[in-house]
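What follows is the residue order along each chain.
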Amino acid sequence: NVSVSTATSVSQDKLLGGLLSAAFDESSCQSRYKSNLYRKPSPFPLSPYLVQKLRKYEARHKKCGPRTKRYRRAVKLLKAGRNTDDSECKYVVWFPCNGLGNRMLTIASTFLYALLTDRVLLVHVPAEQEGLFCEPFPVSSWVLPGSFPQNNPHKLHIGAPESYANMLKNNIVRNDDGPGAPASSSLPPYVYLHLEQFQLKLSDNVFCDEDQVTLSKFNWMLLKSDSYFAPALFLTPMFEAELAKMFPRREAVFHHLGRYLFHPTNRVWGIVRRYYEAYLARVDEKIGFQIRIFPEKPIKFENMYEQLMRCVREQRLLPELGPAEPPTNATADAGDGKVKAVLIASLYSGYYEKIRGMYYESPTKSGEIVAVFQPSHEEQQQYTSNDHNQKALAEIYLLSYCDKITMSAWSTFGYVAYSFAGVKPWILIRPDWNRETSDVACVRSTSVEPCLHSPPILGCRAKTDVDVAAVKPYVRHCEDVGFGLKLF
Ligand code: GDP
């Protein structure tokens, strides 16, 4: 029956081959179904095993999520200061850190961790993040209820006595699990996993089997991170086999998990859709430039602009300017009349003004038309403004619809955009610490995975600091952060 099979394939396409659950009401979150229509189909096949794992996760979330009696029981035990070993539901609670790009990368890493450890992911949503994302799991919520007893993010820091590292130091837990290791019921009611980079090293004593066995005994885990720690999970021996089944193509971890988890709410989707339909829908090619200047490494406008233009020239990203108008009888294959859109994401308007001015004042050699757009220029980063974050999210999405992306080194904002797109970006290399300019303008990324800026020390109790990229065939150092690691 032709019509049935067509209907099935259409709905399968809509659900991204089973990545998305069919159990949602479409109108409540239009971006879930519409966003991918603005992109080319994903180049990365989805493993049926991952799909199965996601459906199982959704069932667990429904069973254990907020407003269930299992959740109420778990909170009651937490309030009573007790950890039990008969718990049906275990939780990992994510707390925010840094800007939106960082948050999306750490939520996805925490979700992957929840998938691997059979925990339920709950998210502490501060005011500036409210109303940005749709609920990702059907018939339930991932939002941590306001009445949660350990709801104070300020208590979560490297010195917190509840942090796993400090519990180890103070002999409250042991990571050898041998005779004499404490039983689950004698453990504190929660553990805090502090995964913030410290001097560009991710916390030690976490990505090791022994530690994971100990951590698995806690019913409640609170977690705060500033790093895309998914690659570190691949370095934990006990997760290796499962991860290989979930991600036969390891470079598509954030690409799939990000497309599964993050869907702008109808309000934010309105911004994305209006902009896309007004400026990008009808062009022949879309090229995204994301320019991020970090306070810790300021780069002068002229230097950044010169580097961007050098990259554009070397990689032939935009048509060259010509001395005069091309003849009116130029042939179609000379590109005459084709429109290339340049989408600029930046806190500042200078790059847009200059590039737009250039293509306004001069013709291109090929006769192609270059149209330059920038949705906003907020001037300042504002971590705590909801309106500001809505625009940031909209721009991450708009960048992710581009066919080619050039981005600033080190930016998690850019990482999220290219990973969603499934496009390997050109990365504008950061000048060395003692220089104002970089000799290399840009380098093409070898993978669509984000970079983990702060790898953990491998070797666990052996404490040998080996170069992970030299021993694991599926990670390599990042183009923009030499000591960083990325899956490929
Ligand atoms: P990173 O600091 O580049 O790794 O990215 P984050 O997203 O974690 O933090 C940067 C924050 O600055 C963003 O979340 C935005 O709030 C803001 N920001 C930076 N660049 C842009 C931009 O191009 N457009 C908008 N709207 N906001 C930006």
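Residue numbers here run from 1 along each chain, matching the order of that chain's written sequence. The predicted origin of the model limits local features to residues at a pLDDT of at least 70 and limits the giving and counting of side-chain atom pairs to 80 or more, whereas totals for whole chains, interfaces and linings rest on all residues.

## What about the sheet that holds strand β7 (residues 369–373)?
Pairs of strands are assigned from DSSP output, requiring at least two bridges between the strands. Where helices and strands are cited, they refer to DSSP runs of H or I of at least four residues and of E of at least two residues respectively, numbered from the N terminus. Read from one edge to the other, the open sheet built from six strands follows the order β7-β6-β5-β8-β9-β10, with strand pairing classed as mixed. The sheet is open, and its two borders are formed by β7 and β10 (442–444), each paired with just one other strand. If you compare each strand with its neighbour and ignore which way they point, the axes differ by 20° on average. Where strand β8 (residues 404–408) meets strand β9 (residues 426–428), three bridges bridge the pair, whose relative direction is parallel. Paired with T406 across the two strands is W426, which belongs to β9. Across the sheet, helix α15 (residues 412–421) lies against β5 (285–291) and β8, angled at about 165° from β8, the strand it touches most. The axes are straight lines fitted to the C-alpha atoms, using for helices just the contacting stretch, and the angles between their N-to-C directions are given from 0 to 180°. Distance between backbone-placed C-beta atoms decides contact: two residues are in contact if it is within 7 Å.

## Some thoughts on helix α14 (residues 386–399)
Since the α-helix advances by 3.6 residues per turn, residues separated by three or four positions end up pointing in the same direction. Taking 1.5 Å per residue as the helical rise, α14 with its 14 residues ought to reach 20 Å, and the 20 Å between its terminal C-alpha atoms agrees with that figure. Counting other C-beta atoms within 10 Å of its own, a residue is labelled buried from 20 upward, exposed at 12 or fewer, and partly exposed in the gap between, with every C-beta atom placed from the backbone. Of all the 14 residues making up α14, 10 are buried; the element is thus mostly covered by neighbouring parts of the structure. Lining the buried residues of α14 we find α5 (100–117), α11 (266–280), β5, β6 (339–346), β8 and α15. What a helix should span is 1.5 Å times the count of its residues minus one.

## Some remarks on the pairing of β8
Extensive coverage of β8 is indicated by the burial of five of its five residues. Across four bridges, β5 lies against β8 in parallel orientation. Directly across from F289, in β8, lies its bridge partner T406.

## Digging into the sheet that holds strand β2 (residues 119–123)
Strand order in the open sheet formed by four strands is β2-β1-β4-β3, and the pairing between neighbours is parallel. The open sheet has two edge strands, β2 and β3 (191–195), and neither has a second partner. Each neighbouring strand pair of the sheet contributes to a mean axis angle of 25°, computed without reference to strand direction. Taken together, the five bridges between strand β1 (residues 90–95) and β2 define a ladder with parallel strand orientation.

## So, the domain arrangement of the chain
Once the domains are mapped, the chain shows domain 1 (8–261) and domain 2 (273–487). Throughout, the edges of the domains are those of an automatic or database domain assignment. Placing a centre on the C-alpha atoms of domain 1 and another on those of domain 2 gives a separation of 29 Å. At the junction of the two partners, domain 1 supplies 41 residues and domain 2 supplies 44 residues. Contributing elements (two or more residues each) for the side of domain 1 that touches domain 2: α5, α8 (230–234) and α10 (253–261). Of the residues assigned to the side of domain 1 that touches domain 2, the class counts are 21 nonpolar, 11 polar and nine charged. Polar here means any residue other than Ala, Val, Leu, Ile, Met, Phe, Trp, Tyr, Cys and Pro, which are nonpolar, and Asp, Glu, Lys and Arg, which are charged; Gly is therefore polar.

## Concerning the site of the ligand
To decide nearness, the C-beta atom of each residue is placed from the backbone, and the residue is near a molecule or strand if that atom lies within 6 Å of it. Around the ligand, the surrounding shell holds 20 residues, and the nearest of these are G99, L100, G101, S411 and T412. Looking at the shell around the ligand, the elements with two or more residues in it are α5, β6, α14 and α15. Partitioning the shell around the ligand into residue classes produces five nonpolar, 11 polar and four charged. Residues lining the shell around the ligand come from more than one domain, with at least three contributed by each of domain 1 (8–261) and domain 2 (273–487).

## Digging into unusual backbone geometry
Located in the positive-phi region is V139, a residue other than glycine, with phi close to 55°. Of note, V139 is situated in the loop between β2 and α6 (164–169). A positive phi is found at R316, a non-glycine position, where the angle reads about 50°. As for its placement among the helices and strands, R316 is situated in the loop between α12 (301–314) and β6.

## Digging into the nonpolar core
Membership of the largest hydrophobic core comes to 127 residues, with the highest contact counts inside it found for A108, L233 and V342. When residues of this core are assigned to their parent elements, the largest contribution, 10 residues, is made by α5. When sequence neighbours within four positions are dropped, the list of residues in contact with V342 reads I287, F289, L318, I355, V370, V372 and F373. Buried Ala, Val, Leu, Ile, Met, Phe, Trp, Tyr and Cys residues form a nonpolar core when they are connected through C-beta atoms within 7 Å.

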